[in-house]
Amino acid sequence: MLGPCFLPYFESNEEYRMATVTAALVKELRERTGAGMMECKKALVEANADIELAIENMRKSGAAKAAKKAGNVAAEGAIIIKEENGVAVLLEVNCQTDFVAKDGNFTAFAEEVAAAALASKATVEELQAQFEDARVALVAKIGENITIRRVEYVQGTAIASYRHGEKIGVVVAGEGDAETLKHVAMHVAASKPEFVNPEDVPADVVEKEKAVQVEIAMNEGKPAEIAEKMVVGRMKKFTGEISLTGQAFIMEPKKTVGEMLKEKGASVSTFVRLEVGEGIE
């Protein structure tokens, strides 16, 4: 073991500490933390080659970096879907750039969170708490803000899912053959319906749109009573356009989704559509 009498052979204490940091120590720290070689070497030098202290310091440093990154807008990312025993989970995990969204470390983290969500049916707050240490470590490693933003669960007799790239995910629940429900999921991804059926559109949404349409008709010079009658037809069109079964089916536009489902002897009870970054300013 080197003693104080050997210190004069080194120009500085820094040089002495570097001499005690072996390649094997750096390799072990890299394997345990996933950090880069130079970052590991620096951490070991600062910790006087104490690997446990280096790990602790790196965790603290990572938490500080994560705190600094927390204010950065994370509107890129991925939608992960997992299904098991009639239950599906849709999870949105965000980062700052499309480049990181394709990174293997980011993808592995998102997949792990989704698997935990499916197993526990946890809320997004519970998932955020459960994976905070892993998130902080990933932020320190990748250098971007990362957030677990949303989680949704869908349950049904029959379930079909569809992902359009990494950024749009849809799960449909109902009754019918797998191919039909898959096609409905693809339709939802493309057409963005807000409700399953026209009659599901809330009364306040209908009334708000009705008021707008009446004003438009009156601005066109129509008397109030005529405007009211005109709006009846427009409202039927409006509720159809924002509901799944009322929309023209993307694969056969001459039919509505409702007509297609009836022909196939199928039905849809619910659906969830998530798109990366929607609603983030």
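Residues numbered from 1 in each chain as written. Predicted model: local features only at pLDDT ≥ 70, side-chain atom pairs only at ≥ 80, totals over all residues. Heavy atoms only, no water.

Thoughts on the environment of Leu-25
Going by this rule: Strands here mean DSSP runs of E at least two residues long; helices mean DSSP runs of H or I at least four residues long; both are numbered from the N terminus. Throughout, exposure labels follow a simple rule: accessible area from a 1.4 Å probe, protein chains only, divided by the maximum for the residue type, with under 20% read as buried, over 50% as exposed, and the rest as partly exposed.
Within the fold, Leu-25 resides in helix H2 (residues 23-33). According to the relative accessible area criterion, Leu-25 is buried, its value standing at 18%. For the pair formed by Leu-25 and Leu-44, sequence separation is 19 residues and the distance between their alpha carbons is 8.0 Å.

A closer look at the sheet that holds strand E4 (residues 158-164)
Defined as follows: A pair of strands is labelled paired if DSSP reports no fewer than 2 bridges between them. Every angle, taken between N-to-C directions, lies between 0 and 180 degrees, and every axis is a line fitted to C-alpha atoms, over only the stretch in contact when it is a helix. By definition in these notes, contact holds between two residues if any of their heavy atoms fall within 4.5 Å.
A sheet is described by the order of its strands in space; here three strands give the open sequence E4-E5-E8, paired in antiparallel fashion. Strands at the two margins of the open sheet, each flanked by one partner only, are E4 and strand E8 (267-275). The average angle at which neighbouring strand axes cross in this sheet is 15 degrees, direction not considered. Where helix H9 (residues 178-191) meets the sheet, its contacts fall on E4, strand E5 (168-175) and E8, and the angle it forms with E4 comes to roughly 40 degrees.

Some words on helix H12 (residues 257-264)
To keep it simple, the criterion reads: Directions drawn from the helix axis to the C-beta atoms are what define this arc.
Those residues of H12 that sit buried are Val-257, Met-260 and Leu-261. Each buried residue of H12 sits inside an arc of 100 degrees when the element is viewed along its axis, so together they form one side. Facing away from the buried side of H12, by more than 90 degrees, are the exposed residues Lys-262 and Glu-263. Contact partners of the buried residues in H12: H9, strand E6 (248-249), strand E7 (252-256) and E8. Two residues or fewer past H12, Gly-265 is found with a positive phi of approximately 65 degrees.

Remarks on the packing of aromatic side chains
Note the following rule: Geometry of aromatic contacts follows a simple scheme: Phe, Tyr and Trp rings, the Trp one being its six-membered ring, pair when their centres are within 6.5 Å, and the pair is stacked under 30 degrees between planes, edge-to-face over 60, tilted otherwise.
All chains considered together, the criterion is met by one aromatic pair. A ring pair is formed by Phe-109 and Phe-131, whose centres lie 6.2 Å apart and whose planes are at 90 degrees; its orientation type is edge-to-face. With Phe-109 in helix H6 (residues 104-120) and Phe-131 in the loop between helix H7 (124-130) and helix H8 (132-142), this residue pair connects regions lying 22 residues apart in the sequence. Under the relative-accessibility criterion, Phe-109 is labelled buried at 5%.

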